[in-house]
Amino acid sequence: MFAGFTHQPAVDLASALAQLLPGDLSRVFFSDDGSTSVEVALKITYQYSANRGDGRRRVFISFDGGYHGDTLGAMSLGRGSGFFNLFRNMMCQVAVLPFPYTFEGDEAAEDREKGALIALEDRLWNGTHDIAALIIEPLLQGAGCMRICRPEFLARLVEMAQSAGVLVIFDEVATGFGRTGTLFAMQQAG
């Protein structure tokens, strides 16, 4: 933890990472583990909404089978395991949507994706405008039995979320730094 301070090796690493990130992503926040990185992303999302004067946006969207960590906010996003039931009353508000997992040669992939996108559309446009962010493990749910989704689905998901003013968090703990063929899985979805 830098606690408001830094040092040259951290600055050099942050600069090198920022040059590798796609698009206009240019900020780096160092974290010691995946749970904490997700927790920080949730806090940044809340702060972003508060800074914009939109305190209604307090709900997160996650996907069934997803796992984002063991800190309180992170485990809120992966409620499906039952392991976290004791803490349910302390958790963030989360809407869990179906994850359209697929496999090579799967002729029903588009139908599952369509169902997930309809569920997302229903939740985004239900009139409450309370969604702060959507979080997903891009391309692969690691702890969720290695379930895969297609890049086309991710691209459409991001497009829909952004059109509703909803931030998107890609949890790349299991997929980043070359593990899926590109430096980051999000690159495969454009």
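Here, every reference points to the structure presented above.
Below you will find a few notes about this structure.

The rules behind these values
- Residues numbered from 1 in each chain as written.
- Predicted model: local features only at pLDDT ≥ 70, side-chain atom pairs only at ≥ 80, totals over all residues.
- Heavy atoms only, no water.
- Salt bridge = Lys/Arg side-chain N within 4 Å of Asp/Glu carboxyl O.
- Buried < 20%, exposed > 50% of the residue type's maximum accessible area, 1.4 Å probe, protein only.
- 1 Å grid on protein atoms, 1.4 Å probe; cavity = no way out; pocket = protein on both sides within 12 Å on 5 of 7 lines; lining within 4 Å.
- Points joined across faces, edges and corners; volume = space filled by probe spheres on them.
- Helix = DSSP H or I, 4+ residues; strand = E, 2+ residues; numbered from the N terminus.
- Patch = residues over 30% accessible without salt bridge, like charges linked within 9 Å, V, L, I, M, F, W, Y side chains within 5 Å.
- Areas by Shrake-Rupley, 256 points an atom, 1.4 Å probe, with all protein chains shown as cover.
- Pairing = 2+ DSSP bridges.
- Expected span 1.5 Å × (residues − 1).
- Arc of directions from axis to C-beta.
- Contact = heavy atoms within 4.5 Å.
- Axes fitted to C-alpha atoms, helices over the stretch in contact; angles between N-to-C directions.

The final tally for this structure, using the stated rule, is 7 salt bridges. We note a salt bridge from Asp54 to Arg57, for which the minimum N-O separation is 2.9 Å. Taking the relative accessible area as the measure of exposure, Asp54 reaches 16% and is therefore buried. A relative accessible area of 13% means that Arg57 is categorised as buried.

For the largest pocket, the calculated volume is near 1900 Å³. Every residue lining the largest pocket is counted, 42 residues in all, and those nearest its centre are Leu21, Leu25, Arg27, Phe170 and Met186. Those elements that provide at least two residues to the lining of the largest pocket are helix 2 (34-51), helix 5 (151-163) and strand 6 (167-170). Counting residues per element, the lining of the largest pocket draws most heavily on helix 2, at 8 residues.

The next point concerns a nonpolar patch on the surface. Taken together, the side chains of Phe2, Leu13, Val28 and Phe30 present a nonpolar region at the surface, about 300 Å² in accessible area. Its place among the elements puts Leu13 in helix 1 (residues 8-20). Look at Leu13 and you get partly exposed, because its relative accessible area is 44%.

This part is about the pairing of strand 1 (residues 59-63). Regular strands show a simple pattern: their side chains alternate between the two faces of the sheet. Where burial is concerned, most of strand 1 is hidden: 5 out of the 5 residues are buried. The two faces of strand 1 match: Val59, Ile61 and Phe63 on one face and Phe60 and Ser62 on the other face are all buried. Bridge analysis of strand 1 against strand 2 (residues 93-97) gives 5 bridges, and the strand direction is parallel. Of the residues in strand 2, the one forming a bridge with Ser62 is Val96. When strand 1 meets strand 3 (residues 131-136), the two strands line up parallel, connected through 3 bridges. Bridge pairing links Val59 to Ile131 in strand 3.

With 16 residues, helix 4 (residues 109-124) should reach 22 Å at 1.5 Å per residue; the first-to-last C-alpha distance of 22 Å fits that figure. Listing the buried residues of helix 4 in full gives Ala109, Glu113, Ala116, Leu117, Leu120, Arg123 and Leu124. Looking straight down helix 4, one finds its buried side chains confined to an arc of 120°; they lie on one side. Seen from the buried face of helix 4, the exposed residues on the opposite side, beyond 90 degrees, are Asp111, Lys114 and Asp122. Among the structural elements, strand 1, strand 2, strand 3 and helix 5 are those in contact with the buried residues of helix 4.

Let us now look at the sheet that holds strand 3. Here 4 strands make up an open sheet; going across it, the order is 2-1-3-6 and the pairing parallel. Every other strand in the sheet has two partners, leaving strand 2 and strand 6 as the edge strands with one partner each. Each strand axis lies, on average, 25° off the axis of its neighbour in the sheet, ignoring direction. Sheet contacts for helix 2: strand 1, strand 3 and strand 6; angle to strand 6, the most-contacted strand, approximately 170°. Its contacts with the sheet put helix 4 on strand 1, strand 2 and strand 3, and the angle it makes with strand 1 is roughly 175°.

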